[in-house]
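Spelled out from the first residue to the last, the chains are:
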Amino acid sequence: MNSKKKEKGQSIIEFIVAVGIMLIVAGSGALSVLGALSANKQAKDHIQASAYAQEGLEAIRAVRNNSWDALENGNHGLTNTQGYWELSGNSDSQGKYTRVITIEDATIEEELQMDTKLITSRVTWNSTPTRQGNVEFTTYLTKWQTVRAFVPGSLTIGTCEDFCQTMDYNSGICRSHPGQCSVNFPYANQFCTQGPSQDTCCCIN
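These numbers come from a predicted model, not from an experiment.

(A) Broad picture of the overall build of the protein. Within the protein, the regular secondary structure consists of 2 helices and 10 strands. Long-range pairs, those at least 24 residues apart, make up 51% of the contacts in the protein with a sequence separation of at least 6. With the model as given, the accessible surface of the protein reaches about 12,500 Å², and the carbon-plus-sulfur share is 54%.

Structure (structure tokens):
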């Protein structure tokens, strides 16, 4: 009789242990699934925010093309309600994403670059209730309509290639944005005067 009670007690304990193990395994699996879903959501948020920030840079190029004088230093939003891009307010938003365009005078080694602006497009969003996500991209824009042919301390220069050769590069070519360059000196963008699609001087070895 006592033997049967003992076996019954052991069976109950084994059952409880088995259930406990199953709950632990199930809980771990659920946490793994939730973690994967969270990572996937964060990746999707980052991609959408990056696209929104990149759009900001393209929009600022359009603003520059319409009017260089519109590029006032400070934080700005963008609007396209009139069928063309223009600055509006201090920020703009799309769903949960907020975009701020910052315009600054460009400097290189603390030297102010004439007719050149440093543009930063920054997008933020609430990734979680306690965490904020953000991405930002930067570029330089020049007043490509302006033509100057002298670099302080150097020879007279008339083209992007001339400038690059004075900097000991083999040649130079005008392209649409710094991302297409292995080397870009924002000051030299002034020598790319073919229009907004070729306003960035790329030096080539």
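Back to the text.
(B) Here's a closer look at the confidence of the model for the protein. When pLDDT is averaged along the protein, the result is 80, and 76% of the positions lie at 70 or above. The spread of mean pLDDT over the elements of the protein runs between helix 1 (residues 2-66), the lowest at 72, and strand 1 (residues 74-76), the highest at 97.

(C) Highlighting the pairing of strand 5 (residues 97-108). The sheet contact formed by strand 1 and strand 5 spans 3 bridges and is antiparallel. In the strand pairing of strand 5, N75 is matched with T102. Strand direction decides the pairing type here: strand 4 (residues 92-94) and strand 5, joined by 3 bridges, are antiparallel. Bridge pairing in strand 5 links Q94 to Y97.

(D) Representation of the state of the cysteines within the structure. Throughout the structure, instances matching the rule amount to 4 disulfides. Here C164 connects covalently by a disulfide to C203, the sulfurs 2.0 Å from one another. On the sign convention where negative means left-handed, the S-S torsion of about -80° between C164 and C203 marks this disulfide as left-handed. Of this pair, C164 sits in helix 2 (residues 160-166) while C203 sits in strand 10 (residues 200-204), and the two are 39 residues apart along the sequence. One exposure class covers both C164 and C203, and it is buried. A sulfur-sulfur separation of 1.8 Å characterises the disulfide bridge that pairs C181 with C202. Its S-S torsion of about -55° marks the bond between C181 and C202 as left-handed, since a negative value means left-handed. Of this pair, C181 sits in the loop between strand 8 (171-175) and strand 9 (183-184) while C202 is found in strand 10, placing the two residues 21 residues apart along the sequence. C202 carries the same exposure label as C181, and that label is buried. In the protein, the bonded cysteines, taken in the order they occur along the sequence, pair up as 1-6, 2-8, 3-5, 4-7.

(E) The pattern of salt bridges, seen in detail. One pass over the structure, following the stated rule, counts 7 salt bridges. One salt bridge connects R99 with E55, and the closest N-O pair in it is separated by 2.8 Å. Residue R99 is found in strand 5, and its partner E55 is found in helix 1; the two are separated by 44 residues along the sequence. One salt bridge connects R64 with D199, and the closest N-O pair in it is separated by 2.7 Å. Residue R64 is located in helix 1, and its partner D199 is located in the loop between strand 9 and strand 10; the two are separated by 135 residues in the primary sequence. Residue R64 is classed as buried on the basis of its relative accessible area of 0%. It is possible to trace a salt-bridge network through shared partners that takes in E55, D92 and R99.

(F) Representation of the packing of aromatic side chains within the structure. The tally for this structure, following the rule as stated, stands at 2 aromatic pairs. Measuring from ring centre to ring centre gives 6.1 Å for F163 and F191, while their planes differ by 35°; the resulting arrangement is tilted. In this pair, F163 is assigned in helix 2 and F191 in the loop between strand 9 and strand 10, connecting sequence segments 28 residues apart. This pair shows no difference in class: F163 is buried, exactly as F191 is.

(G) The side chain of T79, seen in detail. Within the element layout of this structure, T79 appears in strand 2 (residues 78-79). Separated by 3.4 Å, the side chain of T79 and the backbone nitrogen of T81 make a polar contact. If near-sequence neighbours (up to four positions away) are discounted, T79 is found in contact with Y84, W85, E86 and S88.

Cut-offs used in this document
- Position numbers for residues start from 1 in each chain and track the written sequence from start to end.
- Selection of residues for local features in this predicted model requires a pLDDT of at least 70, selection of side-chain atom pairs for listing and counting requires 80 or more, and totals for whole chains, interfaces and linings are taken over all residues.
- The basis for the side-chain values is all heavy atoms of the structure; hydrogens and waters are excluded.
- Helix and strand assignments come from DSSP, with helices taken as H or I runs of at least 4 residues and strands as E runs of at least 2, each series counted from the N terminus.
- Every residue pair with non-hydrogen atoms within 4.5 Å of one another is taken to be in contact.
- Accessible areas in this description were obtained via Shrake-Rupley with a 1.4 Å probe; residue shielding takes into account the shown protein chains only.
- The predictor rates its confidence in each residue with pLDDT, a number between 0 and 100.
- Paired strands, in this sense, are two strands between which DSSP finds at least two bridges.
- What counts as a disulfide here is a pair of cysteine sulfur atoms lying within 2.5 Å.
- Each residue's exposure class comes from its accessible area (1.4 Å probe, protein chains only) as a fraction of the maximum for that residue type: buried when under 20%, exposed when over 50%, partly exposed otherwise.
- A pair is scored as a salt bridge if a Lys or Arg side-chain nitrogen falls within 4 Å of a carboxyl oxygen belonging to Asp or Glu.
- Two rings from Phe, Tyr or Trp (for Trp, the six-membered ring) form a pair when their centres are within 6.5 Å of each other. A pair whose planes differ by under 30 degrees is stacked, one over 60 is edge-to-face, and the rest are tilted.
- Any pair of nitrogen or oxygen atoms within 3.5 Å is treated as a polar contact; in protein, a donor-acceptor pairing is required on top of that, and neighbouring residues in sequence qualify only through side-chain atoms on both sides.

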